[in-house]
Structure formats: structure tokens, C-alpha cells
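# Architecture at a glance
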Amino acid sequence: MFKDYYEILDVPFGATDSEIKSAYKHQAIRWHPDRNPGIDVTKIMQDINEAYAILKDPIKKSRYDKEYLRFKKYKEKIYSQTSDNQKTKESSFSSSNRHQYNYDYTVHDETLNEDIQSAREYAKDLVNEFFEKLKKNSKIAAKGAWEGAQGYVCAFLVLFIIGLMIRACAG
């Protein structure tokens, strides 16, 4: 399976290191779980981190770029063999599933294959660690919020009961 890391980070082929770093930060912020409540962004965040792990390293990027050019030729060949009707369906499918960057393409460079596997594992571990910390911090924040509000809730209940007693005595 091959992923288009340039498409994932939304940068053109041949982007500079600073453009790649900026795009990585932009995508990480854009797809941060706090900005996307109710959406499981785990896979998207893994793809973003995987892409950055390859493209930020000049040696891995060089290997990836060579394979990427082969991939583009393969993709153009496959694309030119499809009918116009199928092309329209593929275009609308791609735009509706913006984060489907996986292609049925075999990587020819074995070292790059190892780089990609390593980047995948790194990205998965990084995102899992992030979500674990997020869960832990959310629990701590919720507990802290309850502890902070507990006194106010108790005071309200006491005043409410006193108010009911005064109302009952006056009536």
C-alpha cells in the first residue's frame, strides 16, 4: 500500500523543508481532536504524522520522491485506462473521502518500504500516546472541576433547603 504524503500534507511535490513543516503544523492543528468533536481523527492524525516522518528526513524524502515519481506514472497509466464515466465517479469519490490516500501500488525500494513501516509504527505510537494523555488529562480536569464546584453545589443545596423551610413556616 502506498500513501501520497504530499496529498496528505497538502503540499506540492518538491516542497521545501519549511513548507513541509508548516503544512504539517497546519494539518495537525486542523485535524486536532479539540477542533473536530464527534469525529474520530485517529487515522487522519496517524497519516499526517507518518507523512511528516518521511518528508522531514532528507534521506527518506529522497527515496520517497524517487518512488513517488514511479507512482505518478503508474497512476497516470491507470487513470488513462479508465472510461470518462468512471473518472467522474472517482473524482467525486475522492472529494467526498478526502482522507483516502491509500493506493494499491507496490513500493519497489525495499529500504523505502522499511522507512514507511517504521514511520507508520512511529505515527501510530505517537497518536495513541497523545490520545491516552488526552483521556487522562480530561479525567483529571473533570475531577478538578467537580472538586471546585462541589462546595458551591453543597452551599446551594443548604440554602435551597433553608429557603423551603422558611417558606413552609411562613405559609
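Heads up: the structure comes first, above all this text.
Parameters at a glance
- Residues numbered from 1 in each chain as written.
- Predicted model: local features only at pLDDT ≥ 70, side-chain atom pairs only at ≥ 80, totals over all residues.
- Heavy atoms only, no water.
- Core = buried A, V, L, I, M, F, W, Y, C linked by side-chain atoms within 4.5 Å.
- Buried < 20%, exposed > 50% of the residue type's maximum accessible area, 1.4 Å probe, protein only.
- Helix = DSSP H or I, 4+ residues; strand = E, 2+ residues; numbered from the N terminus.
- Contact = heavy atoms within 4.5 Å.
- Expected span 1.5 Å × (residues − 1).
- Polar contact = N/O pair within 3.5 Å; in protein donor to acceptor, adjacent residues only side chain to side chain.
- Axes fitted to C-alpha atoms, helices over the stretch in contact; angles between N-to-C directions.
- Parallel < 35°, antiparallel > 145°, perpendicular 65-115°, else oblique.
- 1 Å grid on protein atoms, 1.4 Å probe; cavity = no way out; pocket = protein on both sides within 12 Å on 5 of 7 lines; lining within 4 Å.
- Points joined across faces, edges and corners; volume = space filled by probe spheres on them.
- Nonpolar A, V, L, I, M, F, W, Y, C, P; charged D, E, K, R; others polar.

### Quick look at the nonpolar core
- Residues Tyr5, Leu9, Ile48, Leu55 and Tyr64 are the most contacted members of the largest nonpolar core, which totals 32 residues.
- Breaking this core down by element, the ones donating at least two residues are helix H1 (5–9), helix H2 (17–30), helix H3 (42–55), helix H4 (58–81) and helix H6 (110–170).
- Take this core: its biggest share by element is 8 residues, from H3.
- Leaving out residues up to four positions away in the same chain, tyrosine 64 has contacts with Phe2, Lys3, Asp4, Tyr5, Tyr6, Ile54, Leu55 and Leu112.

### Remarks on the environment of lysine 60
- Structurally, lysine 60 can be placed in helix H4.
- A relative accessible area of 22% means that lysine 60 is categorised as partly exposed.
- Considering only alpha carbons, one finds lysine 60 and aspartate 115, 55 residues apart in sequence, at a separation of 6.9 Å.
- Residues in contact with lysine 60, not counting those within four places in the same chain, are Ala53, Ile54, Leu112 and Asp115.

### A closer look at H4
- Over its 24 residues, H4 extends 34 Å from the first C-alpha to the last, a length consistent with the 34 Å expected when each residue adds 1.5 Å.
- Those residues of H4 not exposed but buried are Lys61, Tyr64, Asp65, Glu67, Tyr68 and Phe71.
- Of the surrounding secondary structure, the elements contacted by the buried residues of H4 are strand S1 (2–3), H1, H2, H3, strand S2 (102–103) and H6.
- Where H4 starts, the residue carrying a side-chain oxygen 2.9 Å from the main-chain nitrogen of isoleucine 59 turns out to be aspartate 57.

### Comments concerning the packing of H2 against H3
- Closest axis-to-axis distance for the H2/H3 pair is 10 Å, and the angle between their directions is 170 degrees. In terms of axis orientation, H2 runs roughly antiparallel to H3. Facing Ile20, Lys21, Tyr24, Gln27 and Ala28 of H2, the residues of H3 in contact are Met45, Ile48, Asn49, Tyr52 and Leu55.

### Digging into the layout of surface pockets
- What the second largest pocket holds in volume is close to 170 Å³.
- Looking at the second largest pocket, the residues that line it are Tyr24, Ala28, His32, Met45, Asn49, Leu126, Val127, Glu129, Phe130 and Lys133.
- Among the secondary structure elements, those contributing two or more residues to the lining of the second largest pocket are H2, H3 and H6.
- Among the residues making up the lining of the second largest pocket, the classes are represented as 6 nonpolar, 2 polar and 2 charged.

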